[in-house]
Protein chains: 2
Amino acid sequence: MNRRILLAGAAAVPALAAPALAQTLPEIRWRLTSSFPRNLDILYFGAEHVAKRVGELTDGRFNIRTFPAGEIVPSLQVLDAVQNGTVEMGQTALYYYIGKDPSFGFFTSLPFGGNMRQQSAWMRRGGGNELCAELLKDYNCHGILLGETGTQMGGWFRNEIKSVDDVKGLKFRVAGMGGQIFQRMGAVPALIPGTDIYPSLERGTIDAAEWVGPYDDEKLGFYRVAKYYYAPAFWEPCAKGHLLINQRHWDSLPKPYQAALEVACSEVEPEMIARYDHGNPQALRRLVAGGALLRAWPRDVMQAAWRATHEVIEETAGRNARFKRIWESYKPYRDDQFQWFRIAENSYDNFAFSAAAR
Amino acid sequence: MNRRILLAGAAAVPALAAPALAQTLPEIRWRLTSSFPRNLDILYFGAEHVAKRVGELTDGRFNIRTFPAGEIVPSLQVLDAVQNGTVEMGQTALYYYIGKDPSFGFFTSLPFGGNMRQQSAWMRRGGGNELCAELLKDYNCHGILLGETGTQMGGWFRNEIKSVDDVKGLKFRVAGMGGQIFQRMGAVPALIPGTDIYPSLERGTIDAAEWVGPYDDEKLGFYRVAKYYYAPAFWEPCAKGHLLINQRHWDSLPKPYQAALEVACSEVEPEMIARYDHGNPQALRRLVAGGALLRAWPRDVMQAAWRATHEVIEETAGRNARFKRIWESYKPYRDDQFQWFRIAENSYDNFAFSAAAR
C-alpha cells in the first residue's frame, strides 16, 4: 500500500480506509430506485446520501446510482422491483404495499399509532424491526430504516370541514389505510399520482388532497386551488422510510459493504427529520402569507376517525393472522408510550408552546 | 492482501474494510473519560458504542478505552481534562460548564428551550453546531453530538408542592441554569454529587433532588425517601450529550479515523433515545407500584419559572456578548419551532394520547 496515495485519498473525502479497500474488495455497480421524485428533495436526500456515503466509504468500489420515482421503476412498485431483482435496491415507504399485505402498514406509520419517537422505540427496541424483517423475508427483501418525515399535515380542502357531516361524500386523495378510514366516515377516497393532484383539485374532480407537510406541499402549489389546510394527518403521525435490498444481493455483499449501507442509513435518520423540522415552519409561514387558511380538524372528525381506525384495524386483524400478531405487539406498546409521553414530553410541550405564543 | 484472511475477518465483525486497514494506518490507543457512571447505562452506552464501533471499523488499530466518571477524571471535569490533553477525549454534557461560560448551556438543553427534535434542528440546520464549534475552539476541543435523553423528569420531593409558595426555602438538588431559576423563585439550590443524593434526601439535608427520568432514577431508589415525583423538568426539555476530542489530537487523526468517530456518534443518536423511550414507561410503572406519587407542577410554578428563566437569560445576555449572540440565534428559532409543532405534532399528540387513555 502506498501511504502517500492513501493520505491524499483520505484528505479528499472523509472516507473510512477508502484507498486501502481499492485492492481488496470487489467493484460492484448497483441501482437504487426511489419511490420519491427528485423534488421531494428531503426524502430523496435519503437515497442520495446512501449512494454518496457508501461510495466514499468504499473508495467508489461499491458504486450506487440513484433513480427518482418513475425513471426506471414506478413509484409504487419499488418493492416488486427489488423483490424480483430488477434493481438491487430501492427507497420506499412500506405502507404503499398494504394491498399485498396490510401488515406492511405497521412499519411506516399506523393511523393513530406512535409518533416519530414512539414508532422508533417500537421498531428498534420493542420488536418492530424483527417483525418487519419476518414480513420482508417473504418478499425476498432485506430492509433498513431510512429516515422519517414527522407528523404530516392533513391536506388541502376546497371547502371548510365544519363537522364530520362535511366529510360525507368528500372526494379525497389520501393514501393507504387513511383511505379506508375516510371511507368508513363516508368519504370517497381516491389515489391519484402526485402529478395529477393539482389539475384534479383545480377542476374539482377531487375536493381535497393530502401530500406531506408544508415544506413539500408548498412546491406543488395546492394552496392556490384548495385553501383550507388541515392538521394533523392522524393517519400519518410519523412516516418512516426504508431501504430495501434484494435478499440474494444482500447476502452476496461483503460484510464491509453491508456495514457501509447500515452506517449510511443510520446517518440519514437524525439528519432527515432535522431537515423537515427546519424547513417546515418557514414554508408554513410562506403558505399562510400566500393565502392558505390553517385549520384544526373539528373534534367530532377526530373522534369519528379514532373509532373508524380501530374498527378497520380490528377487522383486518380478524382476516389476517400476521396483522393480528403484529397489532398484539403494537397496541400495548403504543398505549404505554402514549401514557408515558403525556407525563414529561407532552406536558412540557403544551406549556412551553403556548407560553411562547402569548 | 490475502483475500481469504480479509473475508474471514469481515465475517467475524461487521467491519468496514477492517483488515485492509491493518497494514496502512497507525495503531493508536486513546482514553475516553465519561461524565457518567456505568450505572447510567444508556448514557454510558454512548461511550461504549463509540469505542466498540471505532474498533470494529479500524480492525482494532484505533483502540479506545472508556472510563466511567471518577475513575480517571471527575464527572464534571471532563472538558478540562480534554482541553489540557490529560485524556484524548471525553463524553459529557456541555451545560456542566456554564460556570466557565454560560454559553455552554445552549448546546445541551436550555430551560424552556426546544425539545429533542427542535434542539436537533437548531444544532444541525439552524447554526447551533457552528456556534458550538466556535465556543469549543476556545477550549481547545472538537465536539460531536452524542445522544440524547429526551425531556427529563422534575425530580423527587419529600413534600408536595401545591403552589409557588412551597418552592420558597426549598433545598433542591438541581443542576446548571435550573439552579439559578429556582433560586430566583426563592429556593435554595444545591449541587450534590449523584452518590450523596440519597443519604441527603433521607436525612432531610435537602428537600428534593432531580436526576434524569424514570429509567435512571429507579436505580437510585429516591422514591423510598421522597415520594412526590414531579414532571416535567422544564429546565431540561431535552439533553444532548457530546463527544469532546482534544483539538490537537483530533487534527492528528487520519481522516478515516475521524470519519469512524463521526459514524459511531451518528449511530448513537437514534439508538440512545429509543433506549430511553423504551425503558422509561416500564420503569415508571414499577416506581408508581413502589409508592411514587406522580405530580404535575402547579400552573403558577410553571408560570413563575417561565418568567424567571427569561429574566435569567436576559440578564446573562447583558453580561456576556457571546451568550447574547447565541440567544439571538436561539430564541427566534425556538419560537418558530414551538409555533409549528403546535400545529401537527402537538395537536396529534394531545388528541391521541388522551383518546387512548379513555
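The rules behind the values
- Residues numbered from 1 in each chain as written.
- Chains lettered and ligands numbered in written order.
- Predicted model: local features only at pLDDT ≥ 70, side-chain atom pairs only at ≥ 80, totals over all residues.
- Heavy atoms only, no water.
- Core = buried A, V, L, I, M, F, W, Y, C linked by side-chain atoms within 4.5 Å.
- Buried < 20%, exposed > 50% of the residue type's maximum accessible area, 1.4 Å probe, protein only.
- Contact = heavy atoms within 4.5 Å.
- Buried area = accessible area lost by both parts, 1.4 Å probe.
- Salt bridge = Lys/Arg side-chain N within 4 Å of Asp/Glu carboxyl O.
- Helix = DSSP H or I, 4+ residues; strand = E, 2+ residues; numbered from the N terminus.
- Pairing = 2+ DSSP bridges.
- Phe/Tyr/Trp six-rings, centres within 6.5 Å; stacked < 30°, edge-to-face > 60°.
- Lys NZ or Arg CZ within 6 Å of the ring centre and 35° of its normal.
- Axes fitted to C-alpha atoms, helices over the stretch in contact; angles between N-to-C directions.
- Parallel < 35°, antiparallel > 145°, perpendicular 65-115°, else oblique.
- Left-handed = near helix turned anticlockwise from the far one by under 90°.
- Nonpolar A, V, L, I, M, F, W, Y, C, P; charged D, E, K, R; others polar.
- Least-squares fit on C-alpha atoms with pLDDT ≥ 70 in both.
- Right-handed = clockwise from strand over helix to strand, strands pointing away.
- Domains from an automatic or database assignment.
- Polar contact = N/O pair within 3.5 Å; in protein donor to acceptor, adjacent residues only side chain to side chain.

1. Looking at the nonpolar core
Of all hydrophobic cores here, the largest spans 242 residues; its most connected members are Leu261 of chain A together with Phe234 and Leu261 of chain B. In terms of nonpolar packing, the next biggest core, distinct from the first, is built from six residues, Cys238 and Ile273 of chain A together with Cys238 and Ile273 of chain B among them.

2. Concerning the interface of chain A and chain B
Tallying the contact residues gives 85 residues for chain A and 87 residues for chain B. Summing both partners gives a buried area of about 7500 Å² for chain A against chain B, and 66% of it is carried by carbon and sulfur. Linking chain A with chain B are eight salt bridges, by the criterion used here. Secondary-structure elements contributing two or more residues to the side of chain A that touches chain B are α1 (3–12), α2 (18–21), α3 (41–57), α5 (116–125), α11 (255–289), α12 (299–319) and α13 (321–357) of chain A. By residue number, the principal contributor to the side of chain A that touches chain B is α13 of chain A, which donates 24 residues.

3. Some words on the sheet that holds strand β6 (residues 171–173) of chain A
Residues and elements named next belong to chain A. Spatial strand order, β7-β6-β8-β5-β9-β11: six strands in an open sheet with mixed pairing. Taken across any chain shown, the strands that pair with only one partner, and hence form the sheet edges, are β7 (188–190) and β11 (293–296). Relative to strand β8 (residues 208–209), β6 runs parallel, the two being bridged by two bridges. Its bridge partner lying in β8, phenylalanine 172 is registered against alanine 208.

4. A look at the packing of aromatic side chains
All chains considered together, the criterion is met by 68 aromatic pairs over all chains. With a centroid separation of 5.2 Å and an interplanar angle of 75°, the aromatic rings of phenylalanine 157 of chain A and tyrosine 230 of chain A are classed as edge-to-face. Taken together, the residues span a long stretch of sequence, with phenylalanine 157 of chain A in strand β5 (residues 155–157) and tyrosine 230 of chain A in strand β9 (residues 228–231) at a distance of 73 residues. For tyrosine 230 of chain A, a relative accessible area of 0% puts it in the buried group. Judged by centre distance (6.1 Å) and plane angle (25°), the rings of tyrosine 348 of chain A and phenylalanine 112 of chain B are stacked. Highlighted residues: tyrosine 348 of chain A in helix α13 and phenylalanine 112 of chain B in the loop between β3 (89–92) and α5 (116–125), drawn from two different chains. Accessibility expressed as a relative area gives 0% for phenylalanine 112 of chain B, which makes it buried. Here the guanidinium or amino end of arginine 275 of chain A rests over the ring plane of phenylalanine 45 of chain A, the centre of that ring lying 3.8 Å away.

5. Description of the sheet that holds strand β7 (residues 188–190) of chain B
Residues and elements named next belong to chain B. Pairing is mixed in the open sheet, where six strands are placed in the order β7-β6-β8-β5-β9-β11. The sheet terminates laterally at β7 and β11 (293–296), the two strands that pair on one side only. One ladder, built from three bridges, connects strand β6 (residues 171–173) with β7; its direction is parallel. Directly across from arginine 173, in β7, lies its bridge partner alanine 190.

6. Topic: the packing of α11 of chain A against helix α11 (residues 255–289) of chain B
The interhelical angle for the contact between α11 of chain A and α11 of chain B, taken along N-to-C directions, is 55°, at an axis separation of 8 Å. Relative to α11 of chain B, the element α11 of chain A is oriented oblique. In the packing of α11 of chain A onto α11 of chain B, the handedness of the crossing is left-handed. Contacts between α11 of chain A and α11 of chain B pair Val263, Ser266, Glu267, Glu269 and Pro270 of chain A from the former with Val263, Ser266, Glu267, Glu269 and Pro270 of chain B from the latter. Within the contact of α11 of chain A with α11 of chain B, the residues separate by chemical class into four nonpolar, two polar and four charged.

7. A word on the relation of the copies chain A and chain B
Between the two copies, chain A and chain B, the superposition gives an RMSD of 0.0 Å; the rotation angle is 180° and the shift along the axis is 0.0 Å. Here the symmetry operator amounts to a two-fold rotation axis. The share of interface residues of chain A whose copies in chain B are also at the interface is 100%, consistent with both copies meeting through the same surface.

8. Things to note about the pairing of strand β1 (residues 28–34) of chain B
All names here are of chain B. Most of β1 is tucked away, with five of its seven residues classed as buried. Taken together, β1, helix α3 (residues 41–57) and strand β2 (residues 62–67) form a β-α-β motif whose crossover is right-handed. As paired elements, β1 and β3 share three bridges and run parallel to each other. Across the sheet, the residue bridging to threonine 33 is glycine 90, located in β3.

9. Details of the side chain of serine 266 of chain A
For serine 266 of chain A, the location among the structural elements is in helix α11. Residue serine 266 of chain A is classed as buried on the basis of its relative accessible area, which comes to 10%. Here serine 266 of chain A is in contact with Ser266 and Glu267 of chain B, once residues within four sequence places are set aside.

10. A closer look at the domain arrangement of chain A
Residues and elements named next belong to chain A. Examined at the domain level, chain A breaks down into domain 1 (24–150 + 238–278) and domain 2 (155–235 + 291–331). For domain 1 versus domain 2, the separation of C-alpha centres amounts to 25 Å. Each partner contributes to the interface: domain 1 provides 25 residues, whereas domain 2 provides 27 residues. Here domain 1 meets domain 2 over a buried area of about 2400 Å², counting both sides, of which 66% is carbon and sulfur. In terms of surface lost to domain 2, no three residues of domain 1 exceed Phe106, Pro111 and Phe112, which account for 31% of the buried area on that side. Here domain 1 is connected to domain 2 by five salt bridges. Arginine 322 is the partner of aspartate 101 in a salt bridge, and the nearest nitrogen-oxygen pair spans 3.8 Å. Counting the contacts that link domain 1 with domain 2 gives 12 residue pairs in polar contact (both at pLDDT 80 or more). With three residues, the single largest contributor to the side of domain 1 that touches domain 2 is helix α6 (residues 128–137). Partitioning the side of domain 1 that touches domain 2 into residue classes produces 13 nonpolar, eight polar and four charged.

11. Some details on unusual backbone geometry
Residues and elements named next belong to chain A. With an omega dihedral of -10°, the bond running from alanine 231 to proline 232 counts as a cis peptide bond. By secondary structure assignment, the location of proline 232 is in the loop between β9 and β10 (240–246). The backbone phi angle of aspartate 59 is positive, close to 55°, even though this residue is not glycine. Positionally, aspartate 59 belongs in the loop between α3 and β2 (62–67). Judged by its relative accessible area of 37%, aspartate 59 falls in the partly exposed class. Not every positive phi belongs to a glycine, and asparagine 140 is a case in point at roughly 65°.

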